[in-house]
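Structural characterization, general
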Amino acid sequence: MPEPYDVLVIGTGITGLTAARQALREGLVTAAMESMFFGGLVTNINDLDGEPGGSGSDVSAGLMMEISQMGVKNISEAASAITRDGDCLVVKGDAGSHRARSVIIASGARLKHLGVPGEAELEEKGVSRCADCDGPFYQGKEVVVVGGGDSALQEALVLTEFAGRVHLVHRGEEFRAQQHLVDRLAGHSNIQVHMNTRVEAVLGSAAVSGVRVRAGDGVSEIACAGFFAYVGLEPANEFVPAEIARDAAGFLQTDEGLQTAMPGVFAAGAVRFGYGGMLTHAIAEGEAAAKSALALLR
Ligand code: NAP
């Protein structure tokens, strides 16, 4: 039987890549497990807000290059379970089981769906999840963005570079996004903000043609060719054992050292309850989880 890894990191978004890099810097035998592409949600962003700046793809590719040169073992499989076997943890993947002395869950989060009629039916027919990737398809056209957080405002601002008009539809009276993003809205004459307004349906048959919205008792339609919902994130936690506590929305609970209720299993980044949401937090949590794993192993 092969020797167990010192650290097995599940997920290769910025948090997971940073955790793996820190573990390797500490001299630990480190594996990174990922079923899809490395980089996570940040690869959808061409112009990162704040440090370290640049494009999400460049930052994650740089980290991937670093950990490859440092000797990370890549496991291209989806994790489906974590169990304990004596002193070891066992992470089950598609092609086999992998033993490790510690595990860092950095599986991140996915964009939630709004869940209105027409959204699922028109996916990839005008319903999109990535402004930077799909923005050029909407050159000169009208698009609707839903939400009032950092994601909605950041992506609405990206879409102003392409769309003729961006309708930003928010259910609340105030945005919860960072003030600098709110301030930037004012500089774009092609953004129209609809506060206290909810989208009830995405309209269209072969492709998106509009949305039906409700503001108070009034129902109306906004014609559009593209629809982008940024209404929060849900944790990628399906493989996480029940003994690891979660909050009501499913985000994993940890102690101050980022250890979960399962000894030797840490959680960091967007999958964790209490994660701050900025890129700097992703990096700090990845490093902190690796340092906690090292302390435990020693
Ligand atoms: P979020 O902060 O949870 O905001 C979700 C938004 O969607 C809120 O405005 C919420 O409205 C609205 N919403 C939720 N459910 C809805 C529904 N059913 N119908 C209509 N509107 C709904 O999510 P996020 O913007 O994706 O951000 C997630 C995390 O990533 C945050 O921590 C954020 O700071 C971080 N982030 C940071 C950056 C950056 O640093 N530039 C960029 C993107 C994301 P209410 O306000 O009324 O609740």
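The structure displayed is predicted, hence computed values, not measured ones.

Attention shifts here to the environment of L114. Examined against the element boundaries, L114 turns out to sit in the loop between β7 (109-111) and β8 (127-128). Residues L114 and Q179 lie 65 residues apart in sequence; the distance between their C-alpha atoms is 24 Å. Once residues within four sequence positions are removed from consideration, L114 is found in contact with E119, V146, V199, F227, A229 and V231.

For the rest of this paragraph, the subject is the site of the ligand. If you check the shell around the ligand, you find 19 residues, and the closest are D49, D150, S151, Q154 and R176. Here D150 contributes a side-chain N or O atom positioned 2.6 Å from an oxygen atom of the ligand. When isolated, the ligand has an accessible area of 920 Å², and the protein chains bury 77% of it. Sort the elements by how many residues they give to the shell around the ligand and helix α4 (residues 150-159) lands first, with three residues. Split by residue class, the shell around the ligand holds five nonpolar, 10 polar and four charged. Split by domain, the residues of the shell around the ligand number at least three in each of domain 1 (7-111 + 233-297) and domain 2 (127-229).

Another point: the state of the cysteines. Each disulfide consists of a covalent bond between the sulfur atoms of two cysteine residues. Evaluated as defined, the whole model comprises one disulfide. With no disulfide of its own, C224 has C130 as its nearest cysteine by sulfur position, at a separation of 17 Å.

Note that N190 resides in the loop between α5 (179-185) and β11 (191-194). Looking at N190, its side chain comes within polar contact range of the main-chain oxygen of T160, at 3.1 Å. Setting aside chain neighbours within four positions, we find N190 in contact with T160, A163, G164, R165 and V166.

Let's shift gears to the sheet that holds strand β9 (residues 142-146). Spatially, the five strands line up as an open sheet ordered β8-β15-β9-β10-β11, and their pairing is parallel. Two strands lie at the open edges of the sheet, namely β8 and β11, each paired on one side alone. As paired strands, β9 and strand β10 (residues 165-169) are joined by five bridges and run parallel to one another. Bridged to V143 within β10 is V166.

The pairing of strand β12 (residues 198-203) with strand β13 (residues 210-215) spans five bridges and is classified as antiparallel. From the neighbouring strand, A201 faces β13, where its bridge partner is R212. Between β12 and β13, which pair antiparallel and follow one another directly, the connecting turn spans six residues, one of which, G204, has a positive phi of 135 degrees.

Checked against the element boundaries, V169 lands in strand β10. Through-space distance from the C-alpha of V169 to that of V145 is 6.1 Å; in sequence the pair is 24 residues apart. With near-sequence residues (within four places) excluded, V169 lies in contact with V144, V145, V146, G147, H194, T197, V199 and I222.

Summed over the entire model, instances satisfying the criterion amount to one aromatic pair. Ring geometry for Y138 and F228: centres 5.8 Å apart, planes at 80 degrees, overall edge-to-face. With a gap of 90 residues between them, Y138 in the loop between α3 (131-134) and β9 and F228 in strand β15 (residues 226-229) connect regions that are remote in the sequence. The exposure classification of Y138 matches that of F228, with both residues buried.

Taken domain by domain, the chain holds domain 1 (7-111 + 233-297) and domain 2 (127-229). A separation of 32 Å is found between the C-alpha centroids of domain 1 and domain 2. Between domain 1 and domain 2, the contact holds six residues from the first and eight residues from the second. Considering only the surface of domain 1 that becomes buried against domain 2, N44, D49 and L111 emerge as the three largest contributors, covering 64% of it. One can count zero salt bridges joining domain 1 with domain 2. At the boundary of domain 1 with domain 2, the tally comes to three residue pairs in polar contact (both at pLDDT 80 or more).

Moving on to helix α1 (residues 14-25). For an α-helix the count is 3.6 residues per turn, leaving residues at separations of three or four pointing the same way. Look at α1: 16 Å from first C-alpha to last across 12 residues, which is about the 16 Å you get at 1.5 Å a residue. Within α1, 11 of the 12 residues are buried, which leaves it mostly tucked inside the rest of the structure. For α1, every residue scored as buried is listed here: I14, T15, G16, L17, T18, A19, A20, R21, Q22, A23 and L24. On its buried face, α1 sits against β1 (5-10), β2 (30-33), α2 (56-69), β6 (97-105) and α6 (279-297). Just downstream of α1 lies G27, where phi reads positive at about 85 degrees.

Thresholds applied
- Residues numbered from 1 in each chain as written.
- Predicted model: local features only at pLDDT ≥ 70, side-chain atom pairs only at ≥ 80, totals over all residues.
- Heavy atoms only, no water.
- Helix = DSSP H or I, 4+ residues; strand = E, 2+ residues; numbered from the N terminus.
- Contact = heavy atoms within 4.5 Å.
- Near = heavy atom within 4 Å.
- Polar contact = N/O pair within 3.5 Å; in protein donor to acceptor, adjacent residues only side chain to side chain.
- Areas by Shrake-Rupley, 256 points an atom, 1.4 Å probe, with all protein chains shown as cover.
- Nonpolar A, V, L, I, M, F, W, Y, C, P; charged D, E, K, R; others polar.
- Domains from an automatic or database assignment.
- Disulfide = S-S within 2.5 Å.
- Pairing = 2+ DSSP bridges.
- Phe/Tyr/Trp six-rings, centres within 6.5 Å; stacked < 30°, edge-to-face > 60°.
- Buried < 20%, exposed > 50% of the residue type's maximum accessible area, 1.4 Å probe, protein only.
- Buried area = accessible area lost by both parts, 1.4 Å probe.
- Salt bridge = Lys/Arg side-chain N within 4 Å of Asp/Glu carboxyl O.
- Expected span 1.5 Å × (residues − 1).

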